[in-house]
Amino acid sequence: MGFAKIEHDFPAVLKTPEDKVLEYGVACASIQEQRVDFKNEFVPLFKMGTRLKVVRVHDGVETHSFLGETYLSSEKMLRLVSITDQVLPGAASAYLYDVEMGGSASALLPPQGQRRLFRFGRQEELPSLQVFPVSIYALSLTQLRFTCGMTLSQGQRLAVSVWQPPLLEDLPIQVELPVDFGEGATGSYRCRILDLPGENGPRLEKYLRDLSLRVNKSFPPLPED
């Protein structure tokens, strides 16, 4: 997420400042040149100085609004300058954000790398509750991605806790896609968040709202901490 994403074409809606839809198309924004271009096979013509709004759309969700004044207007392209932007609430739920946070996971797992003797002389892996560290590198309201030293299978269910903001406790997740790098190596796992019980929901929503503002605010960008 961030500047690079809006400097390339993205689905967008052209609107009046009062949110009346004028046209659908694609747009791109230049932070350096402080402009936003809206393009389509047909774009309504506007006088220089007309105030208009370009709204970024991701999977049907409006995530970012750019308000400016018309500088160039042709049948296929409109350029706005004197831009102010607003990160919309949808940005917190529409995107997967890069993060760096440590946590722990608990899951019922078979013994890693060993087998136990079960009934009738057969060797069976008996699952037991195991707790292990994870490194979370991507997060949204519906997805979580992490690396760990354990071997996990597709469909495996876990509970993840993070003892730093956003302070998640026993968050239920399920592995959607495991990428195992071999025995003894770190594996990467893409997981689906199954539920947001207790305070996990409001804490994660607030964390992602704040993060989406820091990452996406562009005109002007927020000052660095």
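Rules used in this analysis
- Residues numbered from 1 in each chain as written.
- Predicted model: local features only at pLDDT ≥ 70, side-chain atom pairs only at ≥ 80, totals over all residues.
- Heavy atoms only, no water.
- Pairing = 2+ DSSP bridges.
- Helix = DSSP H or I, 4+ residues; strand = E, 2+ residues; numbered from the N terminus.
- Axes fitted to C-alpha atoms, helices over the stretch in contact; angles between N-to-C directions.
- Buried < 20%, exposed > 50% of the residue type's maximum accessible area, 1.4 Å probe, protein only.
- Polar contact = N/O pair within 3.5 Å; in protein donor to acceptor, adjacent residues only side chain to side chain.
- Phe/Tyr/Trp six-rings, centres within 6.5 Å; stacked < 30°, edge-to-face > 60°.
- Lys NZ or Arg CZ within 6 Å of the ring centre and 35° of its normal.
- Salt bridge = Lys/Arg side-chain N within 4 Å of Asp/Glu carboxyl O.

Trainee: How should the sheet that holds strand S4 (residues 51-58) be read in this particular structure?
Mentor: Think of a sheet as strands paired side by side through backbone hydrogen bonds, with each pair either parallel or antiparallel. Strand order in the closed barrel formed by six strands is S1-S2-S3-S6-S5-S4, and the pairing between neighbours is antiparallel. Direction aside, neighbouring strands of the sheet carry axes that sit 45 degrees apart on average. Of the strand pairs in this sheet, strand S1 (residues 10-15) and strand S2 (residues 21-30) are connected by six bridges, and their pairing is antiparallel. Each residue of the ladder has a partner; that of Ala12, found in S2, is Gly25.

Trainee: Even after reading the chapter, I still don't get the side chain of Asn216, so can you show me in this structure?
Mentor: Along the polypeptide, Asn216 turns up in helix H3 (residues 200-216). A relative accessible area of 5% places Asn216 in the buried class. Looking at Asn216, its side chain comes within polar contact range of the main-chain oxygen of Ser212, at 2.9 Å.

Trainee: Would you take a moment to explain the environment of Val215 for this structure?
Mentor: Relative to the helices and strands, Val215 resides in helix H3. Separated by 117 residues in sequence, Val215 and Asp98 place their C-alpha atoms 9.8 Å apart.

Trainee: Please clarify how the sheet that holds strand S11 (residues 143-148) should be interpreted in this entry.
Mentor: Strands sit in the order S7-S10-S11-S14-S13-S12 around a closed barrel of six strands; the barrel is antiparallel. Mean inter-strand twist for the sheet, computed between neighbouring axes without regard to direction, equals 45 degrees. As defined by bridge partners, S11 adjoins strand S14 (residues 187-193) across six bridges and the pair is classed as antiparallel. Bridge pairing in S14 places Arg145 opposite Arg190.

Trainee: Mind showing me how you'd approach the packing of aromatic side chains here?
Mentor: For any two aromatic rings, the description comes down to two numbers: the centre-to-centre distance and the angle of the planes. Going through the model one piece at a time under the given rule, you end up with four aromatic pairs. A ring pair is formed by Tyr95 and Tyr97, whose centres lie 6.3 Å apart and whose planes are at 90 degrees; its orientation type is edge-to-face. Accessibility expressed as a relative area gives 1% for Tyr97, which makes it buried. Ring centres of Phe146 and Tyr189 lie 5.6 Å apart, and the angle between their planes is 35 degrees; this geometry places the pair in the tilted category. Taken as a pair, Phe146 in strand S11 and Tyr189 in strand S14 lie far apart in primary sequence, 43 residues in all. The exposure classification of Phe146 matches that of Tyr189, with both residues buried. By the ring-pair criterion, three or more aromatic residues cluster together here, those being Phe10, Phe66 and Phe219. One residue, Arg56, lies across the ring of Phe10, its end atom 5.3 Å from the ring centre.

Trainee: Would you explain the pattern of salt bridges in this entry?
Mentor: Pairs can form between side chains of opposite charge once their charged atoms are near each other. The final tally for this structure, using the stated rule, is 11 salt bridges. Between Asp37 and Arg79 there is a salt bridge, and its shortest N-O distance comes to 2.7 Å. One end of the pair, Asp37, is in strand S3 (residues 35-39); the other, Arg79, is in strand S6 (residues 77-87), and 42 residues separate them in sequence. Salt-bridge contacts for Lys206 lead to Asp210; the nearest nitrogen and oxygen are separated by 2.9 Å. With Lys206 and Asp210 both in helix H3 and four residues apart, the pair spans about one turn of that helix.

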